[in-house]
Amino acid sequence: MPPLVSSLNVGSARTIPVYEELTGIDKRPVDGPVAVRAPGAPKGGSGLEGDAICDQQHHGGDSQAVYAYAREDLDWWEKELGVTFGSGSFGENLTTSGIDVTSALIGERWQVGEELVLQVTHPRTPCRTFALWLQRNGWVQTFTAHGAPGTYLAVIVPGEVRRGDPITVLSKPDHDVSVGVAFRALTTQPELFRRVLTAGEHLSTKLHETATRRAR
């Protein structure tokens, strides 16, 4: 199957069980079209029109305008945990099919639909809100151990996105720093930060600053 957006998901601000603060993690499928643009750095919310980002200190902004997670990885979790995960369950805006998100290179560019161009920036790292949303003890550690974090994307060319839009990889940078490598550096293998720095200009400001500070 060629790569495509199998589900387009947006969220409204709401509270979730055992969580007293508003969150936008509850993303639900829509058909679209939904306008996508750079939200503004560093605290500009979501890149998708109508999509709530409540904790703008840690989420949203230009380098985290869109979050993508693979349907194939959701399917893996379903088999592993014996539960059903609908599209949007991990808080992703784009549930993709047919593209290996973990192996995508930092700085890789995707065209989604007719106009929208996105750039892979850095992996998602799991947080307390994510664990509370799924109501699973030890979820941060479990998610980290599997190493399929999904990726954030920046908006290079604004446009509209719809469910079913094709995803075309327009370009890949000349380095070997994938989303998976960056995730392991950020979580369990800090010795990989030196390798992360070889991505150079393709690193988001956030990832570059973290790698520079923590490289051994």
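Model, not experiment: these values are computed from the prediction.

Cut-offs and rules
- Residues numbered from 1 in each chain as written.
- Predicted model: local features only at pLDDT ≥ 70, side-chain atom pairs only at ≥ 80, totals over all residues.
- Heavy atoms only, no water.
- Pairing = 2+ DSSP bridges.
- Helix = DSSP H or I, 4+ residues; strand = E, 2+ residues; numbered from the N terminus.
- Axes fitted to C-alpha atoms, helices over the stretch in contact; angles between N-to-C directions.
- Parallel < 35°, antiparallel > 145°, perpendicular 65-115°, else oblique.
- Left-handed = near helix turned anticlockwise from the far one by under 90°.
- Contact = heavy atoms within 4.5 Å.
- Nonpolar A, V, L, I, M, F, W, Y, C, P; charged D, E, K, R; others polar.
- Buried < 20%, exposed > 50% of the residue type's maximum accessible area, 1.4 Å probe, protein only.
- Disulfide = S-S within 2.5 Å.
- Salt bridge = Lys/Arg side-chain N within 4 Å of Asp/Glu carboxyl O.

Undergrad: Describe in detail the sheet that holds strand β7 (residues 94–97), supporting the description with residues and values.
TA: Reading across the sheet, the eight strands line up as β4-β1-β7-β6-β10-β9-β8-β12 and stay open at both edges, with mixed pairing between neighbours. Either end of the sheet is taken by a strand with one partner, and the two such strands are β4 (27–30) and β12 (167–171). Across this sheet, the average inter-strand angle for adjacent strands is 40°, counted without regard to direction. Pairing of strand β6 (residues 66–70) with strand β10 (residues 151–157) involves three bridges; the strand directions are antiparallel. Bridging from a neighbouring strand, A68 pairs with T151 of β10.

Undergrad: Summarise the packing of helix α4 (residues 179–187) against helix α6 (residues 205–214); cite the residues concerned and give the values.
TA: Put simply, α4 and α6 touch, their axes get as near as 11 Å, and they point 50° apart. Here α6 runs oblique to α4, going by the angle between their axes. Two packed elements cross with a definite hand, and for α4 against α6 that hand is left-handed. Contacts from A182, A185 and L186 of α4 reach α6 at L207, T210 and R214. Tallied by class, the residues present in the contact of α4 with α6 amount to four nonpolar, one polar and one charged.

Undergrad: I'd like a rundown of unusual backbone geometry, residues and numbers included.
TA: Here the amide bond leading from G32 into P33 is cis, since omega sits at 5°, within 30 degrees of zero. You will see that Q135, though not glycine, has its phi angle at about 55°, which is positive. Position of Q135 relative to the elements: it lies in the loop between α2 (128–134) and α3 (139–146). For Q135, a relative accessible area of 55% corresponds to the exposed category.

Undergrad: Just give me the short version of the state of the cysteines, but keep the residues and values in it.
TA: According to the stated counting rule, one finds zero disulfides in the structure shown. Cysteine C54 is unpaired, with the sulfur of C127 as its nearest cysteine sulfur at 12 Å. On the basis of relative accessible area, C127 is assigned to the partly exposed category, the value being 23%.

Undergrad: Hey, could you go over the environment of F130 for me, with residue numbers and the actual values?
TA: Looking at the secondary structure, you find F130 in helix α2. In this structure, the C-alpha to C-alpha distance between F130 and Q111, residues 19 residues apart in sequence, is 28 Å. With residues near it in sequence (within four places) discarded, F130 still touches I25, F90, R124, W139 and F143.

Undergrad: Help me get a handle on the pattern of salt bridges, residues and values and all.
TA: In the structure shown here, the tally under the stated rule is nine salt bridges. For R14, the salt bridge goes to D26, with nearest N and O atoms at 3.5 Å. Pair noted here: R14 is in strand β2 (residues 14–16) and D26 is in the loop between β3 (19–23) and β4, with a separation of 12 residues, a long-range link. Exposure remark for R14: the relative accessible area of 26% places this residue in the partly exposed category. Its relative accessible area of 6% is what places D26 among the buried residues. For the salt bridge of E108 with K172, the shortest nitrogen-to-oxygen distance reads 2.7 Å. Taken together, the residues E108 in the loop between β7 and β8 (109–112) and K172 in the loop between β12 and α4 connect sequence positions 64 residues apart. Owing to a relative accessible area of 1%, E108 belongs among the buried residues under this scheme.

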